[in-house]
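# Structure at a glance
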Amino acid sequence: MYPRFRKAGYQAIDRICDYHGSLRGRPVSSQVEPGYLRKALPSSAPTEGEDFQLIADDYQKHIIPGLTHWQHPSFFAYFPTSSTFEGILAELYASSTSNPGFNWSASPACTELEAVVMDWTAQILGLDKAFYNISEVGGGVIQTSASDSVLVATVAARSRYIREHPHVAMEDLVLYITTQTHSLGKKAALVLGLKVHTLQVTAQDDFALRGDTLKVALEEDVKAGFHPFILIGTVGTTSSGAVDRLDEIADVAKHYPFLWLHVDAAWAGVAFVCPEYREAYQLPAINNYVDSFCTNFHKWGLIHVDGSCLWVRHRRHLSDALDVTPEFLRSKHGDAATAIDYRNWHLGLGRRFRSLKFWFALRTRGVNGFQKYITDCIRLNARFAQCIYESDLFSVVTKPSLAMTVFRMAPKSLPHLGASELNALNRAFYARLAARSDIAITQTDLNGVFCVRMVIGAEQTVEGDIEQALVLMKEEAVVLVRNWEGIGGRRGRKAYVVPSQSH
Ligand SMILES: *Cc1c(COP(=O)(O)O)cnc(C)c1O
């Protein structure tokens, strides 16, 4: 059995290396049609086991063509999900032990390594020691996604609130988000049956939540008999990389001691590894005030999916909300005693051994390697944004945020276009980019303004890839401007109406 394993294993590693080495030559987005795979595969599993070589070859033949290559140097869509080769190997080791590490006894190394790497990551981000596991008061845990992190925080916040206010009806509880909060806020409310109040943010404030907006909402809601118990703030919103004014928010929230502040920094939070971004992206307020903080190392943190990090200031709120320990799961090393019981820090029981890839990646890159990766991406984005600022065809919509630029067509040769004409033009522009296989990029809508988001994060991306992206964007934009000038006026508008696409 084992010699056969070895051969297949060597081949798999070779092919993985070849895959990464050949990315630049591939189309970045998949060209397949919906349903392509069902057509290609048999309708049921084989009765007898098959030769592994056949299976490995079918992966190359059927699966790879259906992949969007997120590590491709021209991938600028959504958010990056970077990785390291050592992290990939860690995943192989982790799956080779196949264990659900839900408590210390279930596999001591899993719990202990997670507690250690979560302290390492807290340290490299500059989080306050209150969030370290070694504090035995706060602590960090790896979740599957930022959405799970919010769900856990909301459950903990709700149970704290209800404990303090036992007569409050569930239907009077309110969760606060803003118009720019990721859909995870509404999803948490949906799952938990909670009311959501959506606070308004404006373009003038760069789409950041301000303290005054929160203050007014809290006063009105409390007067109306509601019980706001959690606010989901964001550092680096999905649409535009906006940063809520956590300093102002904390100032208001201190008058509401049971309003839980959760900060979702799924993408941007990893940038705290570079001390120069800590102040502007609100780390001081996070350290001094918030109850929980989440960042996805599986986005911009060189850890492949999944690895969402959640830190809480008071771990007992998690256990108080989520510990339903039946006798057979009680061990003499439970939370209260010597070890963390991670099963009480997330929604499931069993959990993947994800800390291993953090450990491998942190050790092979070191803090310097993480910093270099982040600053390289930010430098490339600054270069891109500079070209947009200088262009006669495009303009920047919001202030570039870290490695993200939100921009749109605003041709100087067509100065009289109205808001809806500009939106139509930009939808057409985006549709042309989306149809290409040599770039992956996504769109957004900021209070009715249709725009394109460029996010840099693939490790293979270099300056030449940014130049190439600019060249093809200009190509597409020039065609549209020419058509518009050719068709002209009202008739032109019609030519640009394309169906809107969802995110
Ligand atoms: C990507 C992103 C999310 C979603 O993260 P998941 O881990 O997929 O749930 C949430 N919030 C922000 C700000 C994001 O950038």
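Residues numbered from 1 in each chain as written. Predicted model: local features only at pLDDT ≥ 70, side-chain atom pairs only at ≥ 80, totals over all residues. Heavy atoms only, no water.

Going by the annotation in an unreviewed UniProt entry, the name recorded for the protein is Pyridoxal phosphate-dependent transferase, with Suillus subaureus given as the source organism. According to the UniProt record, the Sequence similarities (unreviewed entry) comment for the protein reads "Belongs to the group II decarboxylase family." Its UniProt record gives the protein the following Cofactor (unreviewed entry) comment, quoted word for word: "pyridoxal 5'-phosphate". (UniProt positions renumbered as here; feature names shortened; annotations may be inferred.)

Counted at 1.5 Å a residue, the expected span for helix H14 (residues 419-434) with its 16 residues is 22 Å, and the 22 Å between its end C-alpha atoms agrees. Residues of H14 that are buried: Glu421, Leu422, Asn423, Ala424, Leu425, Asn426, Ala428, Phe429, Tyr430 and Leu433. (Helix = DSSP H or I, 4+ residues; strand = E, 2+ residues; numbered from the N terminus. Expected span 1.5 Å × (residues − 1). Buried < 20%, exposed > 50% of the residue type's maximum accessible area, 1.4 Å probe, protein only.)

UniProt marks Lys299 with the feature "modified residue: N6-(pyridoxal phosphate)lysine" (unreviewed entry), using the numbering shown here. Mapping Lys299 onto the fold places it in helix H11 (residues 297-300). Residue Lys299 is classed as buried on the basis of its relative accessible area of 18%.

The strand order across the open sheet built from four strands is E8-E9-E11-E10, with neighbouring strands paired in antiparallel fashion. The sheet is open, and its two edges are formed by strand E8 (394-396) and strand E10 (442-446), each paired on a single side. Between one strand and the next, the sheet's axes are offset by a mean angle of 40°, whatever the strand orientation. Against the sheet, helix H13 (residues 355-390) makes contact with E8, strand E9 (404-409) and strand E11 (449-455), and its axis sits at roughly 20° relative to E9, the strand it touches most. (Pairing = 2+ DSSP bridges. Axes fitted to C-alpha atoms, helices over the stretch in contact; angles between N-to-C directions. Contact = heavy atoms within 4.5 Å.)

The immediate surroundings of the ligand are formed by 14 residues, with Ala146, Ser147, Asp264, Asn296 and Lys299 found nearest. Between Asn296 and the ligand, the recorded distance is 2.9 Å, taken from a side-chain N or O atom to an oxygen atom. In this structure, Lys299 approaches the ligand through a side-chain N or O atom, which is 2.8 Å from an oxygen atom. Of all the secondary structure elements, the ones that give two or more residues to the shell around the ligand are helix H6 (146-164) and H11. Partitioning the shell around the ligand into residue classes produces five nonpolar, seven polar and two charged. (Near = heavy atom within 4 Å. Polar contact = N/O pair within 3.5 Å; in protein donor to acceptor, adjacent residues only side chain to side chain. Nonpolar A, V, L, I, M, F, W, Y, C, P; charged D, E, K, R; others polar.)

Turning to the packing of aromatic side chains, a few remarks are in order. Overall, the coordinates contain 17 aromatic pairs when judged by the stated rule. Aromatic side chains Phe297 and Phe370 sit 6.5 Å apart centroid to centroid with 55° between the ring planes, which places their arrangement in the tilted category. Of the two residues, Phe297 sits in helix H11 while Phe370 sits in helix H13, which places them 73 residues apart along the sequence. As far as the burial class goes, Phe297 and Phe370 line up, both buried. Aromatic rings pair up to connect Phe384, Phe394, Phe407 and Phe429 into one cluster. The cationic tip of Arg363 hangs over the ring face of Trp359; the distance from NZ or CZ to the ring centre is 5.0 Å. (Phe/Tyr/Trp six-rings, centres within 6.5 Å; stacked < 30°, edge-to-face > 60°. Lys NZ or Arg CZ within 6 Å of the ring centre and 35° of its normal.)

This part is about the pairing of E10. Burial of E10 is extensive: four of the five residues sit out of reach of the surface. Where E10 lies against E11, five bridges are found, and the strand directions are antiparallel. Across the sheet, Gln443 pairs through a bridge with Val452, a residue of E11. In textbook terms, the turn of a hairpin is the stretch between consecutive antiparallel strands, and for E10 and E11 this stretch comprises two residues, one of which, Asn447, has a positive phi near 45°.

Domains assigned within the protein are domain 1 (3-69), domain 2 (98-352) and domain 3 (381-495). Using only C-alpha atoms to locate each centre, domain 2 and domain 3 end up separated by 35 Å. Of the residues lining the interface, 17 residues belong to domain 2; the matching set on domain 3 comes to 16 residues. Between domain 2 and domain 3 the total buried area reaches about 1,300 Å² when both faces are included, carbon and sulfur atoms providing 60% of it. Where domain 2 meets domain 3, there are zero salt bridges. Counting across the interface, domain 2 meets domain 3 through five residue pairs in polar contact (both at pLDDT 80 or more). Split by residue class, the side of domain 2 that touches domain 3 holds nine nonpolar, seven polar and one charged. (Domains from an automatic or database assignment. Buried area = accessible area lost by both parts, 1.4 Å probe. Salt bridge = Lys/Arg side-chain N within 4 Å of Asp/Glu carboxyl O.)

When you line up the elements, Lys357 lands in helix H13. Look at Lys357 and you get buried, because its relative accessible area is 1%. At a separation of 2.8 Å, a polar atom in the side chain of Lys357 contacts the main-chain carbonyl oxygen of Asp306. Dropping the residues within four chain positions of it, Lys357 is found in contact with Gly87, Ala90, Glu91, Ile303, His304, Val305, Asp306 and Arg352.

Let us look at the pattern of salt bridges. Applying the stated criterion to the full structure yields 28 salt bridges. Between Arg24 and Asp465 there is a salt bridge; the shortest N-O distance is 2.6 Å. On the criterion of sequence distance, the pair formed by Arg24 in the loop between helix H1 (2-21) and helix H2 (36-40) and Asp465 in helix H15 (residues 463-487) is long-range, its members being 441 residues apart. A salt bridge links Glu463 to Arg379; the shortest N-O distance between them is 3.8 Å. Placement of Glu463 in helix H15 and of Arg379 in helix H13 is noted, with a sequence separation of 84 residues between them. Overall, Glu463 belongs to the partly exposed group, its relative accessible area being 36%. The structure contains a network of salt bridges with shared partners spanning Lys372, Asp376, Arg379, Arg383, Glu463 and Glu467.

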